Amino acid sequence: WLDIYYVLVNYNITPGAQIAHDLYRHYQYTGDEKFMKKYTYPIMRGWVRFMIDYVKLEDDGCFHVPIADPYEAPKVRCKDTTNALAYIHLLFPAFASLADKMDIDSEIAAKAREVETRLADYNYVKLTAEMETVRELPVGAVLISAGATVDTGEPLMGGYGGMYECAALTPVF
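Since we're looking at a predicted model, the values are computed, not measured. (Residues numbered from 1 in each chain as written. Predicted model: local features only at pLDDT ≥ 70, side-chain atom pairs only at ≥ 80, totals over all residues. Heavy atoms only, no water.)

1. Details of the packing of helix α3 (residues 82-102) against helix α4 (residues 106-117)
How two helices sit against one another is set out by the angle between their axes and by the gap between those axes.
Part 1 of the argument: α4 packs onto α3 with a crossing angle of 155° between their chain directions and a minimal axis gap of 9 Å. The orientation of α3 relative to α4 falls into the category roughly antiparallel. Like other packed secondary-structure pairs, α3 and α4 cross with a definite hand, here left-handed. Between α3 and α4, the residues in contact are Ile88, His89, Phe92, Pro93, Phe95, Ala96, Ser97, Ala99 and Asp100 and Ile108, Ala109, Ala112, Arg113, Val115 and Glu116, respectively. (Axes fitted to C-alpha atoms, helices over the stretch in contact; angles between N-to-C directions. Helix = DSSP H or I, 4+ residues; strand = E, 2+ residues; numbered from the N terminus. Parallel < 35°, antiparallel > 145°, perpendicular 65-115°, else oblique. Left-handed = near helix turned anticlockwise from the far one by under 90°. Contact = heavy atoms within 4.5 Å.)

Set out below in structure tokens:
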């Protein structure tokens, strides 16, 4: 008997942002400048640089996340996932502020500001009678979706438990 181990090819691009966010919150709470310089800033800088290279400027004049996995959906491919957009909105300005404070990485900070201000909007979906939802929501309610499916460009609705509820919470968190 041979055990086979394999890793799914995925586009889970936000774990670095989640770690950077936790480190940033620690810095905000403690004000520990040494911690920020040693841990927070390098992790945040790495994710910001990765995302600056990853996003694509499209004909609509907006930067888009070309492909990513929504939360809790490692086999689903979306454009402009809510989790990626939310973390760009959160961490790019925070990074630029820290870079300014330390008077370093001015080019990366400027690009981070440009991307964040010209970032594509979240995707939304209007509930229809055919959609199954976990909560009692009225037909016609508009919800933030997990992203737009790469195949069709339609806002993603469905998934574990009826819908990707984590998507709606990401911008709040």
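2. So, the packing of helix α1 (residues 15-30) against helix α2 (residues 33-54)
Part 1 of the argument: Two elements in contact, α1 and α2, have axes separated by 9 Å at closest approach and are oriented at 155°. Looking at the two axes, α1 sits roughly antiparallel to α2. The handedness of the crossing between α1 and α2 is left-handed. Across the interface between the two elements, Gly16, Ala17, Ile19, Ala20, Leu23, Tyr24, His26 and Tyr27 from α1 touch Glu33, Phe35, Met36, Tyr39, Thr40, Ile43, Met44 and Trp47 from α2.
Part 2 of the argument: Taken together, the residues of the contact of α1 with α2 break down into twelve nonpolar, three polar and one charged. (Nonpolar A, V, L, I, M, F, W, Y, C, P; charged D, E, K, R; others polar.)

3. A closer look at the pattern of salt bridges
Part 1 of the argument: According to the stated counting rule, one finds eight salt bridges in the structure shown.
Part 2 of the argument: For Glu114, the salt bridge identified is with Arg118, shortest N-O distance 3.0 Å.
Part 3 of the argument: Residue classification places Glu114 among the partly exposed residues on the basis of a relative accessible area of 28%.
Part 4 of the argument: Residue Arg118 is classed as partly exposed on the basis of its relative accessible area, which comes to 31%.
Part 5 of the argument: What you see here is one network of salt bridges that share partners, running through Lys111, Glu114 and Arg118. (Salt bridge = Lys/Arg side-chain N within 4 Å of Asp/Glu carboxyl O. Buried < 20%, exposed > 50% of the residue type's maximum accessible area, 1.4 Å probe, protein only.)

4. Some words on the environment of Pro70
Part 1 of the argument: In this fold, Pro70 is placed in the loop between β2 (63-64) and β3 (78-79).
Part 2 of the argument: Separated by 57 residues in sequence, Pro70 and Ile13 have C-alpha atoms that sit 9.3 Å apart.
Part 3 of the argument: Residues in contact with Pro70, not counting those within four places in the same chain, are Val76, Cys78, Thr81, Asn83, Ala146 and Leu156.

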